[in-house]
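As a plain string of letters, each chain reads:
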Amino acid sequence: MTDLLAERDAWSMANCSIARALEIVGNRTAMLIMREAFFGTRRFDDFARRVGIGEPAAAARLKELTAAGLLERVPYQEPGQRTRYAYQLTQKGRDFRAVIAALRQWGDTWAADEHGPPVVVRHENCGAPVHAVLRCDDGHDVQPGDSFVDAGPGLIRVDADSPDSGGG
């Protein structure tokens with residue numbers, strides 16, 4: 001087996017999945033809007049208020065997350081009012097749940113104040129706290145040091161002196 005990490009200088013990071021994900025959700029406001037979507041927030045005013053941002057910032061982030069396919073706009077109408085739009089998670093957005101769970105878990109451990117985490121997500125059936133874990137496709141929990149990096153189908157190898165060899 002080749003040590004792919006030893007060859008990192010020969011990789012192009014032009015198609016880095018982490019960099020591409022951060023282009024979509026790589027700012028505080030986008031992450032907090034996604035947090036709110038998972039907590040059930042659907043209306044524009046509620047997103048702005050709960051995230052603590054102005055309407056222009058909320059509109060921009062919701063537009064970006066909708067364009068990226070994590071949220072979708074759905075029409076609703078209060079009696080006697082004009083049609084408005086709520087936001088709901090798409091499948092792509094629901095697949096982001098593990099990222100939010102892992103970030104919350106890390107924050108609970110390393111960034112919470114002396115009082116502890118503000119919320120605990122629990123399993124509905126038994127009440128136990130929910131945690132993010134790394135698990136292989138065969139169902140084994142993967143501990144630190146129990147994995148290796150292998151070439152994926154999108155790995156682009158370049159000359160180490162090429163300008164494309166840097167990035168994310």
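Just so we're clear, the structure is a prediction, and the values are computed from it rather than from any experiment. (Residues numbered from 1 in each chain as written. Predicted model: local features only at pLDDT ≥ 70, side-chain atom pairs only at ≥ 80, totals over all residues. Heavy atoms only, no water.)

**Q** For this particular structure, what's the right way to read the environment of Phe38?
**A** Looking at where Phe38 falls in the secondary structure, it is placed in helix α2 (residues 28-38). It is 9.1 Å that separates the C-alpha atoms of Phe38 and Gly93, two residues lying 55 residues apart in sequence. If sequence neighbours within four positions are ignored, Phe38 has contacts with Leu89, Gly93, Arg94, Phe96, Arg97 and Ile100. (Helix = DSSP H or I, 4+ residues; strand = E, 2+ residues; numbered from the N terminus. Contact = heavy atoms within 4.5 Å.)

**Q** Got a minute to help me understand the packing of aromatic side chains in this structure?
**A** In this description, an aromatic ring pair is defined by two values, namely the gap between the centres and the angle between the planes. Within this structure, the stated rule accounts for 1 aromatic pair. In this structure, Arg73 packs its charged tip against the face of Tyr85, placed 4.0 Å from the ring centre. (Phe/Tyr/Trp six-rings, centres within 6.5 Å; stacked < 30°, edge-to-face > 60°. Lys NZ or Arg CZ within 6 Å of the ring centre and 35° of its normal.)

**Q** Which parts of the structure should I look at to understand the pairing of strand β2 (residues 71-77)?
**A** Two faces, one strand: in a regular strand the side chains alternate between the faces of the sheet. Strand direction decides the pairing type here: β2 and strand β3 (residues 83-89), joined by 7 bridges, are antiparallel. Note that in β3 the partner of Gln77 across the bridge is Thr83. Taken together, β2 and the strand that follows it, β3, pair antiparallel across an intervening segment of 5 residues, in which Gly80 is found at a positive phi of about 80 degrees. (Pairing = 2+ DSSP bridges.)

**Q** Whenever I open this one, the layout of surface pockets confuses me. Can you help?
**A** Remark: the empty space left among the atoms is shown by a probe the size of a water molecule rolled over them. In this model, the largest pocket occupies a volume close to 590 Å³. Looking at the lining of the largest pocket, the element that brings in the most residues is helix α6 (residues 97-110), giving 8 residues. Taken together, the residues that form the lining of the largest pocket break down as 13 nonpolar, 4 polar and 4 charged. By volume, the second largest pocket is sized at about 390 Å³. Residue lining of the second largest pocket: 15 residues in total, with Leu32, Arg35, Leu103, Arg104 and Asp108 positioned closest to the centre. Mapped by element, the contributors of at least two residues to the lining of the second largest pocket are α2 and α6. (1 Å grid on protein atoms, 1.4 Å probe; cavity = no way out; pocket = protein on both sides within 12 Å on 5 of 7 lines; lining within 4 Å. Points joined across faces, edges and corners; volume = space filled by probe spheres on them. Nonpolar A, V, L, I, M, F, W, Y, C, P; charged D, E, K, R; others polar.)

**Q** Can you walk me through the pattern of salt bridges in this structure?
**A** Close approach of charged atoms allows side chains with opposite charge to pair. Across all of its chains, the model carries 6 salt bridges by this definition. Among the ionic pairs, Asp46 bridges to Arg49, the shortest N-O distance being 3.0 Å. Of this pair, Asp46 and Arg49 both sit in helix α3 (residues 44-51), 3 residues apart, roughly one helical turn. Judged by its relative accessible area of 22%, Asp46 falls in the partly exposed class. By relative accessible area, Arg49 is classed as exposed at 55%. Close ionic contact of Arg135 with Asp141 constitutes a salt bridge, the shortest N to O distance being 2.9 Å. Judged by its relative accessible area of 43%, Asp141 falls in the partly exposed class. (Salt bridge = Lys/Arg side-chain N within 4 Å of Asp/Glu carboxyl O. Buried < 20%, exposed > 50% of the residue type's maximum accessible area, 1.4 Å probe, protein only.)

**Q** Which parts of the structure should I look at to understand the packing of α2 against helix α4 (residues 55-67)?
**A** Their axes nearest at 10 Å, the elements α2 and α4 cross at an angle of 75 degrees. Classified by the angle between their axes, α2 and α4 sit roughly perpendicular to one another. Contact residues: α2 offers Thr29, Ala30, Ile33 and Met34, while α4 offers Ala58, Arg61, Leu62 and Leu65. In the contact of α2 with α4, the residues fall into 6 nonpolar, 1 polar and 1 charged. (Axes fitted to C-alpha atoms, helices over the stretch in contact; angles between N-to-C directions. Parallel < 35°, antiparallel > 145°, perpendicular 65-115°, else oblique.)

By themselves, these figures tell us nothing about what the structure is for.
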